[in-house]
Amino acid sequence: MATAATASRTAAAPRKGRVQGAVLGVVAWLAGLVFVLPLLWMVLTSLHSETDAATNPPSVAASLTLDGYREFFGLTGGASPWPALVNSLTASLVSTLLTLLLALPAAYALSIRPVRKWTDVLFFFLSTKMLPLVAALLPIYLFAKNTGLLDNIWMLVILYTAMNLPIAVWMMQSFLAEVPVAIIEAAQIDGARLPTVLGRVVAPIALPGIAATALICFIFSWNELMFARVLTGVVAETAPVFLTTFITSQGLFLAKVCAASLVISLPVLAAGFAAQDKLVQGLSLGAVK
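Residues numbered from 1 in each chain as written. Predicted model: local features only at pLDDT ≥ 70, side-chain atom pairs only at ≥ 80, totals over all residues. Heavy atoms only, no water.

Caption draft 1: The arrangement of the overall build of the chain in detail. Each helix and strand counted, the chain has 14 helices and two strands in total. Within the span of the chain, comprising 289 residues, buried residues form 34% of the whole. Excluding contacts between residues fewer than 6 apart, the proportion of contacts in the chain whose partners are at least 24 apart in sequence is 74%. Here the chain displays about 17,000 Å² of accessible surface, and carbon together with sulfur accounts for 71% of that area. (Helix = DSSP H or I, 4+ residues; strand = E, 2+ residues; numbered from the N terminus. Buried < 20%, exposed > 50% of the residue type's maximum accessible area, 1.4 Å probe, protein only. Contact = heavy atoms within 4.5 Å. Areas by Shrake-Rupley, 256 points an atom, 1.4 Å probe, with all protein chains shown as cover.)

Dropping the structure here:
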């Protein structure tokens, strides 16, 4: 009888595991749907006319049109978004590259060749992110005004680099801590100097972590609005600032705003999709010993 009971429990265990797996799968799909549904709704609204998009409740089965995208791209006589998109791309890419170039040696010094009280140094980097951005807005504005950098894209490049550098050092320090020291010592014995060690030894090994850091910095730079809104005008206007121009005294043009939001979000979505494997590897690096 004991043998039969044991066999029954053994047979019931895989069945219970399959049921739990199915339940977790359904929960995961529901959670994914909750996150994706607003994006799908934005896509649908962008394909409606302004009249259909403004109905309450929304008209889901309304006819589809590309008028919102035509107005966003200036095909009907409005302002062209291309200068703002190019400015955002320039500021985001250049600031991300500068951040990586500065963060890699700093993270190397704090992980592979740690300085004294390196934890205090990391806390100092993190403490710079505790200052509310609005508290630094007036001094930065006065500095940009007195140096002639108002409405200048390079002011945003410098600002985004400084804003992203602390979080980049924090992330890359944990990634570089996983690089075997023996490989670095072997390269140094062969005569490799520090730039060669960083570029040909450390960087290839920590590439997933570097890619994850670069993606985070790019997203932060691309989505930044407050400083871009205050420090730019016409010449250095970025995509988020251009998006705010659709909210006018005449009202909110919902279909056009959804079309603009979708187009402006595409570079970030494309970068995340292209680097998703590196992002997962980088963010999970060192999680399992």
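Caption draft 2: Spatial organisation of the packing of aromatic side chains. Tallying each qualifying case throughout the model produces four aromatic pairs. With 5.9 Å between their ring centres and 25° between their planes, F218 and W222 make a pair best called stacked. In this pair, F218 and W222 are both assigned in helix α10 (residues 207–223), four residues apart and thus about one turn of the helix distant. A single burial state applies to F218 and to W222, both of which are buried. Through successive ring pairs, a cluster of aromatic residues spans F72, F73, W82 and F242. Positioned above the aromatic ring of F253, the side-chain terminus of K256 is 5.0 Å from the ring centre. (Phe/Tyr/Trp six-rings, centres within 6.5 Å; stacked < 30°, edge-to-face > 60°. Lys NZ or Arg CZ within 6 Å of the ring centre and 35° of its normal.)

Caption draft 3: Representation of the packing of helix α4 (residues 82–111) against helix α7 (residues 153–176). One can describe the packing of α4 onto α7 by two numbers: an axis separation of 6 Å at closest approach and a directional angle of 35°. The crossing of α4 and α7 is right-handed. (Axes fitted to C-alpha atoms, helices over the stretch in contact; angles between N-to-C directions. Left-handed = near helix turned anticlockwise from the far one by under 90°.)

Caption draft 4: Spotlight on a nonpolar patch on the surface. A cluster of nonpolar side chains, L33, V34, F35, V36, L37 and L40, forms an exposed patch at the surface whose accessible area comes to about 620 Å². Of the residues examined, L37 reaches a relative accessible area of 48% and is grouped as partly exposed. (Patch = residues over 30% accessible without salt bridge, like charges linked within 9 Å, V, L, I, M, F, W, Y side chains within 5 Å. Salt bridge = Lys/Arg side-chain N within 4 Å of Asp/Glu carboxyl O.)

Caption draft 5: Structural context of the environment of W154. By secondary structure assignment, the location of W154 is in helix α7. Residue classification places W154 among the partly exposed residues on the basis of a relative accessible area of 47%. Residues W154 and A91, spaced 63 residues apart in sequence, show a C-alpha to C-alpha distance of 7.3 Å.

Caption draft 6: Geometry of α7. Across its 24 residues, α7 extends 32 Å between first and last C-alpha, which sits within 8% of the 34 Å expected from 1.5 Å per residue. The largest bend in α7 comes to about 40°, at L165, with the proline P166 one to four residues further on. Of all 24 residues making up α7, 17 are buried, and the element is well covered by its neighbours. Residue N152 occupies the N-cap position of α7, its side-chain oxygen lying 2.9 Å from the main-chain nitrogen of W154. (Expected span 1.5 Å × (residues − 1). Bend = angle between axes of the 7 residues up to and from the residue. Polar contact = N/O pair within 3.5 Å; in protein donor to acceptor, adjacent residues only side chain to side chain.)

Caption draft 7: Representation of the environment of V60 within the structure. Among the structural elements, V60 can be located in the loop between α2 (50–53) and α3 (67–72). Given a relative accessible area of 48%, V60 falls into the partly exposed group. When the C-alpha positions of V60 and W41 are compared, they lie 9.3 Å apart, and in sequence the two are 19 residues distant. Not counting residues within four places of it along the chain, the set of residues in contact with V60 comprises W41, L44 and H48.

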